[in-house]
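Report on the structure
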Amino acid sequence: MTHIDAGAELDPVHPVPVPGRTRGLSATEVAERVARGDVNDVPVRSSRTLGEIVRANVFTRFNAIIGVLWLVMLFVAPFQDSLFGYVIIANTGIGIIQEWRAKKTLDSLAVIGEARPTVRRDGVAAEVATSEIVLDDVIEVGPGDRIVVDGSCLEADGLEIDESLLTGEADPVVKRSGDPVMSGSFVVAGAGAFKTTKVGREAYAAQLAEEASRFTLVHSELRSGISTILKYVTWMMVPTAIGLVISQLVVKQHGFKDSIARTVGGIVPMVPEGLVLLTSVAFAIGVIRLGRKQVLVQELPAIEGLARVDTVCLDKTGTLTEGGMDVTELRPLQGADETYVRKVLGALGESDPRPNASLQAIIDAYPDSEDWRCIEALPFSSARKYSGASFSEGDGDSSTWLLGAPDVLLDPDDPALAETERLNEQGLRVLLLARASRDLDDPRVTSGVRPTALVVLEQRLRSDAADTLRYFADQNVHAKVISGDNAVSVGAVAGKLGIAGETVDARRLPTNQDEMAKSLDKGTVFGRVTPQQKRDMVGALQSRGHTVAMTGDGVNDVLALKDADIGVSMGSGSEATRAVAQIVLLDNSFATLPSVVGEGRRVIGNITRVATLFLVKTVYSVLLAVLVVCWQVEYPFLPRHLTLLSTLTIGIPAFFLALAPNKERARPHFVRRVMRYSIPGGAVAAIATFATYLVARHHYAGPGALDAETSAATLTLFLISMWVLAIVARPYTWWRVLLVAAMGLAFLFVLFVPSLQHFFALRLVGIAIPWLAVGIAAVAAVVLEFLWKWVDRRFPA
């Protein structure tokens with residue numbers, strides 16, 4: 001209840017009585033603080049800068065290897081021999097564009113700098129930008145205002161602040177003069193003013209954001225596996241290149257440019273350049289698909305990471321529950337008429353212009369009684385634990401009602417309290433409606449009240465949370481609910497969503513990482529968790545080999561999100577959490593996570609499948625180069641030949657196969673699983689191709705002999721590569737059969753169209769050697785089938 005003094009001084013900006021208030025800093029004092037740097041100058045950084053994005057995507061091992069070879073070929077060979085280099089531009093461009101798009105989307109979500117707090121200076125209140133706040137400023141706050149800097153409370157009129165984004169505690173905290181206020185929190189009730197004690201990087205929320213702003217890339221087994229392969233390829237390339245240069249330039253005494261072209265032709269196929277590009281394309285398309293479902297993926301490999309996750313840490317508030325509450329039951333007491341009680345509750349809801357979540361649930365459940373008129377109202381306060389109002393009822397009677405915590409309004413021995421405690425243990429919130437016999441402004445208004453009804457409320461669960469949790473359970477992904485709320489209450493909410501397991505009060509968790517990890521493996525629901533504990537819990541789970549995803553929306557989640565293997569933030573969460581998370585759910589829907597997992601599985605499964613195509617090429621290229629050096633013969637291929645083969649047997653089909661539906665579970669050991677097929681496949685292809693080449697060298701003679709020998713070897717290698725493609729494409733569907741057939745027809749088209757023959761330097765001479773090439777390829781296909789079945793039995797995935 002506020003009584004206005006007619007003689008009070010009025011604020012020129014906010015016409016509110018402000019008797020005896022603090023005047024705030026003077027203009028001179030503000031200038032002094034600005035001069036010495038005591039200003040709230042927190043830089044906005046929500047993601048990597050454009051320069052960092054470009055550098056990360058340009059300066060890679062893959063670009064260095066292919067880039068050098070490409071530059072060489074541009075100077076020594078025709079255009080068609082340097083086509084392989086353009087994959088650098090495509091791969092780099094996709095990575096830069098995707099991450100830049102994610103950055104722009106994220107930056108558009110940032111809200112730092114948008115808030116304009118009201119600062120009192122020289123006794124006058126005015127709005128300023130957050131960057132203009134200085135140390136010792138007096139800031140006025142009211143309902144809905146965000147606390148942008150740390151401070152100490154000077155004035156408080158029923159001031160209640162929600163610190164859930166900092167502490168995870170859902171209930172508002174009552175503030176009195178001298179109490180600290182922290183940046184990142186916001187006012188939910190009352191009004192007041194506070195004096196800033198920490199600004200800029202010193203503020204609590206800014207320190208969390210600063211620690212979190214160091215950009216870290218999510219671990220990607222695909223990316224690291226491909227990087228490992230590239231590292232080994234680099235080591236193999238150096239001695240192979242030296243051997244090829246010597247054999248082509250010195251021993252065979254060919255022209256310099258032709259020798260360099262054939263040397264590069266032997267080196268380039270060793271690098272699975274298409275695999276790097278295809279992985280980026282598959283991730284980028286996955287990101288686009290998820291974008292349509294309002295999922296922002298900040299790093300391409302993040303969807304792979306979530307597909308590998310085996311433990312998901314969920315924050316209750318904002319993830320499992322929504323912001324509101326629902327009335328689940330109304331229990332009249334002492335024979336009260338339920339219809340009359342509903343009218344009382346409807347009138348109480350209408351009496352408060354700023355209802356809290358509990359009263360809003362009552363407003364939603366019980367409509368206002370139009371014939372009831374509010375005479376006097378007492379807004380809810382966490383300090384009082386109740387609200388109230390006096391009414392003139394439709395029939396002319398008057399009444400006074402209180403609505404609040406039963407343990408405050410009832411005597412300790414009242415039997416209704418036992419039932420209230422039982423409901424509280426189920427995670428329900430209970431309010432008592434009581435009729436008062438005293439006036440609202442009477443200090444003893446709660447004395448002698450008559451209990452009329454219990455109003456049972458529950459937090460509003462997300463309608464999709466149960467299905468999402470069931471999906472994770474079916475996929476053997478363990479859910480851990482981590483919250484700053486009371487453990488019993490959180491456990492009750494989790495139970496309603498079907499999460500079974502032990503409920504633990506985090507205040508009793510051991511601090512030793514090993515012991516904490518054991519407790520985390522046993523428990524499922526954890527309450528009263530501090531921000532630092534969230535981070536420690538992620539580390540403890542990771543120490544036992546778990547791949548951990550963390551969801552959250554508050555500043556208190558930032559450090560845990562950053563340390564987790566995959567951080568998932570809600571779009572409506574604090575801007576600090578959106579900055580460090582790899583995945584942002586723009587529609588705040590937890591139900592979109594299965595889509596992310598499914599997209600990641602599609603990418604992982606398909607890339608693992610098509611990687612075999614690329615690495616078979618790497619293996620046969622290395623072996624062919626070694627065989628050429630040992631036999632001291634010309635390298636059989638120019639870069640254009642292998643570009644054609646790679647396009648038809650690997651590049652185009654791999655693109656379609658990589659985008660096909662695939663719900664196979666993500667499995668570890670990418671390199672091992674791929675190489676167990678690639679090594680035998682590449683060895684068979686190299687031996688068969690070189691055998692054809694040697695036979696052709698003895699058969700052909702004359703000026704065009706080398707072209708005829710190359711064409712025969714190319715035919716053998718193409719047919720074997722097509723068989724590898726046919727194996728990888730299994731199980732067959734109509735479009736996969738059509739895809740394989742189309743690639744074969746395209747190669748025939750090249751062989752029989754004169755202009756394409758000339759462009760690719762391919763011309764089959766005679767009948768005997770081409771048919772011999774076909775026969776050798778057929779034998780190699782039979783050997784491939786046998787070897788791959790043997791590998792499946794001998795080295796199961």
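Conventions we followed
- Residues numbered from 1 in each chain as written.
- Predicted model: local features only at pLDDT ≥ 70, side-chain atom pairs only at ≥ 80, totals over all residues.
- Heavy atoms only, no water.
- Salt bridge = Lys/Arg side-chain N within 4 Å of Asp/Glu carboxyl O.
- Helix = DSSP H or I, 4+ residues; strand = E, 2+ residues; numbered from the N terminus.
- Buried < 20%, exposed > 50% of the residue type's maximum accessible area, 1.4 Å probe, protein only.
- Axes fitted to C-alpha atoms, helices over the stretch in contact; angles between N-to-C directions.
- Parallel < 35°, antiparallel > 145°, perpendicular 65-115°, else oblique.
- Contact = heavy atoms within 4.5 Å.
- Pairing = 2+ DSSP bridges.
- Core = buried A, V, L, I, M, F, W, Y, C linked by side-chain atoms within 4.5 Å.
- Arc of directions from axis to C-beta.
- Polar contact = N/O pair within 3.5 Å; in protein donor to acceptor, adjacent residues only side chain to side chain.
- pLDDT = per-residue confidence, 0-100.

Some details on the pattern of salt bridges
For the structure shown, the criterion picks out 22 salt bridges. With a closest N to O distance of 2.6 Å, R470 and D467 form a salt bridge. You can see R470 and its partner D467 sitting in helix α16 (residues 465-474), three residues apart, about one turn around the helix. For R470, a relative accessible area of 47% puts it in the partly exposed group. A salt bridge links R676 to D792; the shortest N-O distance between them is 3.8 Å. Of the two residues, R676 sits in helix α24 (residues 670-699) while D792 sits in helix α28 (residues 768-794), which places them 116 residues apart along the sequence. Accessibility expressed as a relative area gives 16% for R676, which makes it buried. Taken together, the shared-partner salt bridges in this structure form one network comprising E329, R331, E419 and R422.

A short note on the packing of helix α18 (residues 513-522) against helix α19 (residues 531-543)
Between α18 and α19, whose axes approach to 8 Å, the crossing angle comes to 85 degrees. Comparing their axes, α19 and α18 come out roughly perpendicular. Taken together, the residues of α19 that come into contact with α18 (itself represented by Q513, M516, A517, L520 and D521) are D536, M537, G539, A540, L541 and S543.

Quick notes on the pairing of strand β12 (residues 386-392)
The element β12 is extensively covered by neighbouring structure, given that seven of its seven residues are classed as buried. Burial along β12 is two-sided: Y386, G388, S390 and S392 facing one way and S387, A389 and F391 facing the other are all buried. Inspection of the sheet shows β12 paired to strand β13 (residues 398-404) by seven bridges, in the antiparallel sense. Looking across to β13, one finds that S392 is bridged to S398.

Looking at the sheet that holds strand β19 (residues 548-552)
As summarised here, the arrangement of the eight strands in space is β8-β21-β20-β19-β9-β16-β18-β17, forming an open sheet in which the pairing is mixed. The two strands at the open ends of the sheet, each matched to only one other strand, are β8 (295-297) and β17 (502-505). Sheet twist, expressed as the mean angle between neighbouring strand axes with direction ignored, is 20 degrees. The sheet contact formed by β19 and strand β20 (residues 566-570) spans four bridges and is parallel. For G552, the partnering residue across the bridge sits in β20 and is S569.

What to know about the nonpolar core
L306, L320, I583, F590, I607 and F747 are the most contacted members of the largest nonpolar core, which totals 122 residues. The element that contributes the greatest number of residues to this core is helix α22 (residues 593-631), accounting for 17 residues. Here I607 is in contact with L222, L275, L278, T279, A282, A658 and F670, once residues within four sequence places are set aside.

Concerning the environment of K518
Within the fold, K518 resides in helix α18. When its relative accessible area of 41% is taken as the criterion, K518 is described as partly exposed.

Observations concerning helix α13 (residues 357-365)
Three or more residues of α13 are buried, namely S358, L359, A361 and I362. Buried residues of α13, viewed axially, fall in a sector of 155 degrees; they line one side.

Some details on the side chain of S621
The residue S621 is located in helix α22 in this model. Accessibility expressed as a relative area gives 1% for S621, which makes it buried. At 2.7 Å, the side chain of S621 forms a polar contact with the backbone oxygen of K617. With near-sequence residues (within four places) excluded, S621 lies in contact with G266, P269, M270 and Y635.

Describing the confidence of the model for the protein
Predicted confidence across the protein gives a mean pLDDT of 80, with 86% of residues reaching 70 or more. Mean pLDDT across the secondary structure elements of the protein bottoms out at helix α6 (residues 204-212), with 59, and peaks at helix α26 (residues 734-752), with 93. Counted against residues more than four places away or in other chains, residues 1-20, with its pLDDT under 50, gives 26 contacts. Residue range residues 212-217 is modelled with pLDDT below 50. Its contacts to residues more than four positions away, or to other chains, number 16 contacts.

Re unusual backbone geometry
Among all residues except glycine, the phi angle is most often negative; among peptide bonds, the trans geometry is most common. The amide bond that connects R730 to the next residue, P731, takes the cis arrangement and shows omega of 0 degrees. Relative to the assigned elements, P731 resides in the loop between α25 (705-728) and α26. Its identity is not glycine, yet Q294 carries a phi of approximately 65 degrees, on the positive side. With respect to the element layout, Q294 can be found in the loop between α9 (273-291) and β8. Taking relative accessible area as the criterion, Q294 reaches 37% and is therefore assigned partly exposed. Phi angles above zero are rare outside glycine, and Q632 is one such case at about 55 degrees. Within the element layout of this structure, Q632 appears in the loop between α22 and α23 (639-658). Accessibility expressed as a relative area gives 29% for Q632, which makes it partly exposed.

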